[in-house]
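# Tertiary structure, described
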Amino acid sequence: IFAYLQPWMLRLEDLLGALKASGADVICTLAGAPVLAQRFQGERLRIFEHPVALEPLLPTADLVIAYGSGTTAATLLAGVPLLLLPRWAEQYLGARRVEALGAGIVVRAKGPAPSYPEVIRTLLSDPRYRAAASQLAAKYVDFSSERSIARIVSTLERVICPR
């Protein structure tokens with residue numbers, strides 16, 4: 001499991017406890033919460049206060065826990081299911097799309113508190129989440145962010161500086 005966490009996340013201590021108790025190997029980034037990091041760090045739950053390279057982790061990940069669109073997109077392109085904890089409206093809207101595709105679960109700020117052990121167990125054990133994420137990855141197997149950026153720049157140049 002790779003977890004990209006922030007101190008503001010809903011019931012963060014419960015989530016860290018669930019990750020530690022899951023028995024899974026977990027690599028977690030959590031900046032700005034050294035007391036929590038020290039408290040939950042363990043042999044199988046490694047917590048870093050600095051960013052880690054996501055690309056080498058994704059091919060072997062069974063689950064990614066995140067909140068932002070960049071991590072979400074990279075994870076989906078790798079065919080990995082997500083547990084999403086969005087903070088802002090646009091993150092929430094994107095997270096709802098991931099959930100609608102069947103590739104993840106969204107933790108909502110309003111409503112009943114999530115049972116993190118149950119949600120993690122579901123995402124790891126129900127093959128439908130991996131299948132939906134893999135299906136999306138297969139659909140976009142030829143996606144290239146460099147090509148997309150070049151296309152956007154080319155379009156903007158045509159619009160802004162017509163010949």
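These notes cover the structure that comes with them. This is a predicted model, so every value here is computed, not measured.

Calculation criteria
- Along each chain, numbering runs from 1 in the same order as the chain's sequence is written.
- For this predicted model, a pLDDT threshold of at least 70 governs which residues receive local features, and a threshold of 80 or more governs which side-chain atom pairs are given and counted, while totals over whole chains, interfaces and linings are taken from all residues.
- Values shown for side chains rest on all heavy atoms present in the structure; no hydrogens or waters enter the calculation.
- Strands are runs of DSSP state E lasting at least two residues, helices are runs of H or I lasting at least four, and both sets are numbered from the N terminus onward.
- For every residue, the accessible area (1.4 Å probe, protein chains only) is compared with the maximum for its type, and the residue is labelled buried under 20%, exposed over 50%, or partly exposed between those bounds.
- For the purpose of charge, His is not counted, nor are the chain termini; Lys and Arg are scored as positive and Asp and Glu as negative.
- Charge placement uses NZ in Lys and CZ in Arg. For Asp and Glu, CG and CD serve respectively.
- One requirement defines pairing of two strands: DSSP has to find at least two bridges between them.
- Each axis is a line fitted through C-alpha atoms, taken for helices only over the stretch in contact, and angles between the N-to-C directions span 0 to 180 degrees.
- By definition, residues are in contact when any of their heavy atoms lie within 4.5 Å.
- Along the arc lie the directions from the helix axis toward the C-beta atoms.
- A patch consists of residues whose relative accessible area exceeds 30% and which take part in no salt bridge; residues with like charges are grouped when within 9 Å of each other, and nonpolar side chains (Val, Leu, Ile, Met, Phe, Trp, Tyr) when within 5 Å.
- Under the convention used here, a 1.4 Å probe and the Shrake-Rupley method define accessible areas, while residue burial counts only the protein chains that appear.
- Definition used for salt bridges: Asp or Glu carboxyl oxygen within 4 Å of a side-chain nitrogen of Lys or Arg.
- Take the buried residues of types Ala, Val, Leu, Ile, Met, Phe, Trp, Tyr and Cys, join any two whose side-chain atoms come within 4.5 Å, and each joined set is a nonpolar core.
- A pair of Phe, Tyr and Trp rings is counted when the ring centres sit within 6.5 Å of each other, with Trp represented by its six-membered ring. The angle between the planes then sorts it: under 30 degrees is stacked, over 60 is edge-to-face, the rest tilted.

### Some details on the overall build of the protein
- What the protein contains, in helices and strands, is 7 helices and 6 strands.
- Starting at the N terminus and walking to the C terminus, you meet the elements of the protein as β-α-β-α-β-β-α-β-α-β-α-α-α.
- Taking the principal axes of its C-alpha atoms as reference, the protein extends roughly 60 × 35 × 35 Å.
- For the protein, buried positions account for 40% of its 163 residues.
- Taking the average place of the 18 positive charges on the side chains of the protein and the average place of its 14 negative ones, the gap between the two points comes to 6 Å.

### A few points about unusual backbone geometry
- For Arg-11, which is not glycine, the phi dihedral falls at a positive 50 degrees.
- With respect to the secondary-structure elements, Arg-11 resides in the loop between β1 (2–5) and α1 (12–21).

### Some words on the sheet that holds strand β2 (residues 26–30)
- Taking strand neighbours across the sheet as the criterion, the 6 strands line up as β3-β2-β1-β4-β5-β6 in an open arrangement whose pairing is parallel. Strands with a single pairing partner mark the edges of an open sheet, and in this sheet they are β3 (45–48) and β6 (104–106). Here the strands of the sheet are splayed against their neighbours by 15 degrees on average, with no regard to which way each runs.
- Note that strand β4 (residues 64–66) and strand β5 (residues 82–84) share 3 bridges and pair parallel. Note on β5: the bridge partner recorded for Ala-66 is Leu-84.
- Against the sheet, helix α5 (residues 116–125) makes contact with β5 and β6, and its axis sits at roughly 150 degrees relative to β5, the strand it touches most.

### A closer look at α1
- Taken together, the buried positions of α1 are Leu-12, Leu-15, Leu-16, Ala-18 and Leu-19. Seen from one end, α1 has its buried residues packed into an arc of 160 degrees, which puts them on one side.
- A positive phi of about 80 degrees marks Gly-23, the residue just after α1.

### Structural notes on a nonpolar patch on the surface
- Together, Ile-152, Leu-156, Val-159 and Ile-160 line one region of the surface with nonpolar side chains, adding up to about 420 Å² of accessible area.
- Structurally, Ile-152 is set in helix α7 (residues 145–160).
- The class for Ile-152 is exposed, based on a relative accessible area of 51%.

### Overview of the nonpolar core
- Counting 31 residues, the largest nonpolar core has Leu-5, Leu-19, Ile-65 and Leu-83 as its most contacted members.
- Elements supplying a minimum of two residues to this core: β1, α1, β2, α2 (34–40), β3 and α5.
- Sorting elements by how many residues they give to this core places α1 first, with 5 residues.
- Excluding anything up to four places from it in sequence, Leu-19 contacts Ile-1, Ala-3, Leu-5, Val-26, Leu-45, Ile-65 and Ile-120.

### Details of the packing of aromatic side chains
- This model, assessed by the stated rule, comprises 2 aromatic pairs.
- When the ring of Tyr-4 is compared with that of Tyr-67, the centres are 5.3 Å apart and the planes differ by 35 degrees; the resulting orientation is tilted. Of the two residues, Tyr-4 is situated in strand β1 and Tyr-67 in the loop between β4 and α3 (69–77); the sequence distance between them amounts to 63 residues.
- Look at Tyr-4 and you get partly exposed, because its relative accessible area is 29%.
- Residue classification places Tyr-67 among the buried positions, given a relative accessible area of 15%.
- Taken together, Tyr-4, Trp-8 and Tyr-67 form an aromatic cluster joined through their ring pairs.

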